Amino acid sequence: MSSRFTLRNLPLALGAGLLGFSNDLTAQVTEWLFAKESVYEQINSSTPPTVPTSWIASAWIVTAAAGDAGLITISGGSISGSLPLQHDGNGDWYLEHHYETQAAMNAEFPSNATYTFTISGGSLGLVLQSFVVGPEQYPNTPSLTVASLATAQQFPSAAATTLDWNHPGPLTQTSGSTILGIDDRAGNEVYGSWLSGAVISATVPANTVQADACHLGWLAFTSDSTISTGGFGIAGTVIHASVLDFEIRSWPFPTAACARQATYGASCAGLDLQSSEPILGSNWTLSTFGIGGPTPFAWTYFSLAPLNPSLPLSALGLGVPGCWLHLDPASIVNNLGGLVPGGQLNITIPVPAAQNLGGMTIYAQTIALTSLTPLGLSSSNVVEAILGS
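Within the structure shown, the criterion is met by 14 aromatic pairs. When the ring of tryptophan 55 is compared with that of tyrosine 138, the centres are 5.7 Å apart and the planes differ by 75°; the resulting orientation is edge-to-face. Placement of the pair is tryptophan 55 in strand 2 (residues 54–63) and tyrosine 138 in the loop between strand 8 (127–133) and helix 3 (146–153), with a sequence separation of 83 residues. The exposure classification of tryptophan 55 matches that of tyrosine 138, with both residues buried. Aromatic side chains phenylalanine 117 and phenylalanine 232 sit 6.2 Å apart centroid to centroid with 15° between the ring planes, which places their arrangement in the stacked category. On the criterion of sequence distance, the pair formed by phenylalanine 117 in strand 7 (residues 113–120) and phenylalanine 232 in the loop between strand 13 (214–227) and strand 14 (236–249) is long-range, its members being 115 residues apart. The exposure class assigned to phenylalanine 117 is buried, which follows from its relative accessible area of 0%. Under the relative-accessibility criterion, phenylalanine 232 is labelled buried at 6%. Here the aromatic residues Trp32, Phe34, Phe109, Tyr115, Phe117, Phe131 and Phe232 are joined through ring pairs into a cluster of three or more.

The strands that make up a sheet are held in pairs by hydrogen bonds between backbone atoms, and each pair lies either parallel or antiparallel. The strand order 15-24-23-18-21 describes an open sheet built from five strands, whose pairing is antiparallel. If you trace the sheet from one side to the other, it starts and ends with strand 15 (260–264) and strand 21 (332–339), each paired once. On average, each strand axis in the sheet is tilted by 20° relative to the strand beside it, whichever way the strands run. Pairing of strand 15 with strand 24 (residues 377–386) involves five bridges; the strand directions are antiparallel. In the sheet register, tyrosine 264 faces strand 24, and the bridge partner there is valine 382.

Below, the discussion takes up the nonpolar core. In this structure, Ile74, Phe109 and Phe131 are the most contacted members of the largest nonpolar core, which totals 30 residues. Taken together, the elements giving at least two residues each to this core come down to strand 1 (29–42), strand 2, strand 3 (71–76), strand 6 (92–99), strand 7 and strand 8. Among all residues touching phenylalanine 131, those that are not within four sequence positions of it are Trp32, Phe34, Ile74, Ala113, Thr114, Tyr115, Thr116, Phe117, Ile227 and Val238. Grouped together as the second largest cluster of nonpolar side chains are 18 residues, Leu144, Leu149, Ala152 and Ile182 included.

The next subject is the layout of surface pockets. Considered as a void within the structure, the second largest pocket measures approximately 210 Å³ in volume. Around the second largest pocket, the lining is made up of 13 residues, and of these Tyr301, Leu313, Leu325, Gln365 and Ile367 lie nearest the centre. If you list the elements that add at least two residues to the lining of the second largest pocket, you get strand 20 (324–327), strand 23 (361–369) and strand 24. Top contributing element to the lining of the second largest pocket by residue count: strand 24, with three residues.

Right, let's talk about the state of the cysteines for a bit. This structure, assessed with the given rule, holds two disulfides. Through a disulfide, cysteine 268 is tied to cysteine 323; the S-S separation comes to 1.9 Å. Its S-S torsion of approximately 95° makes the covalent link between cysteine 268 and cysteine 323 right-handed. Here the residue cysteine 268 occupies a position in the loop between strand 15 and strand 16 (272–275), and cysteine 323 occupies one in the loop between strand 19 (306–312) and strand 20, the gap between them amounting to 55 residues. Classification of cysteine 268 as buried rests on a relative accessible area of 6%. Residue classification places cysteine 323 among the buried positions, given a relative accessible area of 1%. Counting only the cysteines that take part in disulfides, in the order they occur along the protein, gives the pairing 1-2, 3-4.

As for its position among the elements, threonine 288 is in strand 17 (residues 283–289). On the accessibility criterion, threonine 288 (0% relative accessible area) is buried. Here threonine 366 takes part through its side chain, which lies 2.7 Å from a polar atom of the side chain of threonine 288. When sequence neighbours within four positions are dropped, the list of residues in contact with threonine 288 reads Leu271, Asp272, Leu273, Thr300, Gly343, Gln344, Leu345 and Thr366.

As a further point, take the sheet that holds strand 8. Taken in spatial order, the four strands line up as 4-3-7-8 in an open sheet, and their pairing is antiparallel. Here the strands that pair on one side only, and so sit at the sheet edges, are strand 4 (82–84) and strand 8. With strand direction ignored, the average angle separating the axes of adjacent strands in the sheet is 25°.

Right, let's talk about helix 3 for a bit. Residues of helix 3 that are buried include every one of Ser148, Leu149, Ala152 and Gln153, and no others. End-on view of helix 3: buried residues confined to an arc of 140°, all on one side of the axis. Within helix 3, the exposed residues directed more than 90 degrees away from the buried face are Val146 and Ala147. Buried residues along helix 3 sit against strand 1, strand 9 (161–164) and strand 14.

All right, on to the pattern of salt bridges then. Counted by the stated rule, this structure contains five salt bridges. Across the salt bridge formed by glutamate 136 and lysine 36, the nearest N and O atoms sit 3.6 Å from each other. Remark: lysine 36 occurs in strand 1 and glutamate 136 occurs in the loop between strand 8 and helix 3; sequence separation between them is 100 residues. Since its relative accessible area comes to 26%, glutamate 136 is described here as partly exposed.

Conventions used here
Residues numbered from 1 in each chain as written. Predicted model: local features only at pLDDT ≥ 70, side-chain atom pairs only at ≥ 80, totals over all residues. Heavy atoms only, no water. Phe/Tyr/Trp six-rings, centres within 6.5 Å; stacked < 30°, edge-to-face > 60°. Helix = DSSP H or I, 4+ residues; strand = E, 2+ residues; numbered from the N terminus. Buried < 20%, exposed > 50% of the residue type's maximum accessible area, 1.4 Å probe, protein only. Pairing = 2+ DSSP bridges. Axes fitted to C-alpha atoms, helices over the stretch in contact; angles between N-to-C directions. Core = buried A, V, L, I, M, F, W, Y, C linked by side-chain atoms within 4.5 Å. Contact = heavy atoms within 4.5 Å. 1 Å grid on protein atoms, 1.4 Å probe; cavity = no way out; pocket = protein on both sides within 12 Å on 5 of 7 lines; lining within 4 Å. Points joined across faces, edges and corners; volume = space filled by probe spheres on them. Disulfide = S-S within 2.5 Å. Polar contact = N/O pair within 3.5 Å; in protein donor to acceptor, adjacent residues only side chain to side chain. Arc of directions from axis to C-beta. Salt bridge = Lys/Arg side-chain N within 4 Å of Asp/Glu carboxyl O.

Listed below in structure tokens is the structure:
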């Protein structure tokens, strides 16, 4: 799977139930939300997860037409100045920031704080919507039952299939939602079910998922607070959510894992490391962009473990401000690279077609020479790659 899936997927598919919604096509905001999320992962273990894999602050605003807004920003909290929301070219605007720790998320988006969305440059003119993010209260951590986890790992695609999980808890039961979604390998949603309140199961219709394929399932428990109508002219929602990612393997035999990759962590001096999915029996490709300077040399390092937390290289006394070490040096097993005359380092690694390699996790990070830091070094983000089918 290429990425984790969060509440950014939900408003368009489920907004009529989750948010206020308007069908009037005049220039206006039709729905909006702000969310803070703790994200967990349950792959092969029947033990409920206890430690989040990431934390996410996100925002979503939908306008009736693409030209209703030219720019939307969010300010307030501990944000330095303001942050722009991205525009998909239609009427949808979103922001999604990932963090390794809750403390890092709260350093930029603290709770018990006031924020303001600002719309400008479109048919709506200048519009401000302020809202308060209250106390940080998350529902229970989602986890599939042992039986449902086994079902997800040998999912019978041709039959209607029920998945069960733990109780979301009183926050969801009082004012929240239980949401189950399934995405295919390309990230397209193939199933989405929004259920009001605390729900402990859902049935996926027959032939929803493709046979003999990997899919990503996600289960979210939300605690919702309604924000009264303000400058946007429609009520919005502030959400605290606990989200679970899990694999759905729709083949009739056990396998170790679905191939997937994710990128995280800060980079510096413009380096950007991207990866294909490391599928058994195929080529795994990693590409580093942004390599420049008079001496375009770069190396991608591979490690069996990340450095958690990541370490700023300036803490080692190196003159590389804003650059980070994301790999555990003791677990580095190889590096590939050298002279990169075109400014882009491409590495292709054949992955053996050996099922016993399924589930193996490899971490990669690129180091390059640059003229943009005092020491002449730059570092990329990290790729987390899980070998599989």
